[in-house]
Amino acid sequence: NNTLSVTIDSLKLTCEKWLIPKRATRSFRAVAFELLYYVGERQLIVRGASAIFDLRPAEMQGIFGPVLAAMGDAGTMEAWLNRTQTLAKTELLPKDGDVD
């Protein structure tokens, strides 16, 4: 048996917070686990979103592609981006005084 099981209790809350469409939640969950292993738990804790933003474009596309594809059409993706723009600015951009 080579199965690794990881439980993140707040993943449902994260999907709700970031308004992930229901049809994309399974892909979002897979991407979250991939990021955890690819970027590393410590890097995510210490550096936050900066650890993800430092990935090369090809890495970002490879990791996040399935979530975008699961969202469906361009209109759904655009609506999601518009609805989460303010949240992204407040949650992902460094706060004044934060040092990376």
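Described below are features of the structure shown in this document. (Residues numbered from 1 in each chain as written. Predicted model: local features only at pLDDT ≥ 70, side-chain atom pairs only at ≥ 80, totals over all residues. Heavy atoms only, no water.)

Turning next to the pattern of salt bridges. Scanning the model with the defined rule gives three salt bridges in all. The closest approach of N and O atoms between Lys-17 and Glu-91, which form a salt bridge, is 3.1 Å. Of this pair, Lys-17 sits in helix α1 (residues 11-17) while Glu-91 sits in helix α6 (residues 74-92), placing them 74 residues apart in sequence. Note on Glu-91: relative accessible area 39%, which makes it partly exposed. (Salt bridge = Lys/Arg side-chain N within 4 Å of Asp/Glu carboxyl O. Helix = DSSP H or I, 4+ residues; strand = E, 2+ residues; numbered from the N terminus. Buried < 20%, exposed > 50% of the residue type's maximum accessible area, 1.4 Å probe, protein only.)

Take the environment of Ile-52 next. On the secondary structure map, Ile-52 appears in helix α4 (residues 49-53). Residue Ile-52 is classed as buried on the basis of its relative accessible area of 17%. Note: C-alpha distance between Ile-52 and Leu-35 (17 residues apart in sequence) is 7.9 Å. Ignoring sequence-local partners within four residues, the contact set of Ile-52 consists of Leu-35, Leu-44, Met-60 and Phe-64. (Contact = heavy atoms within 4.5 Å.)

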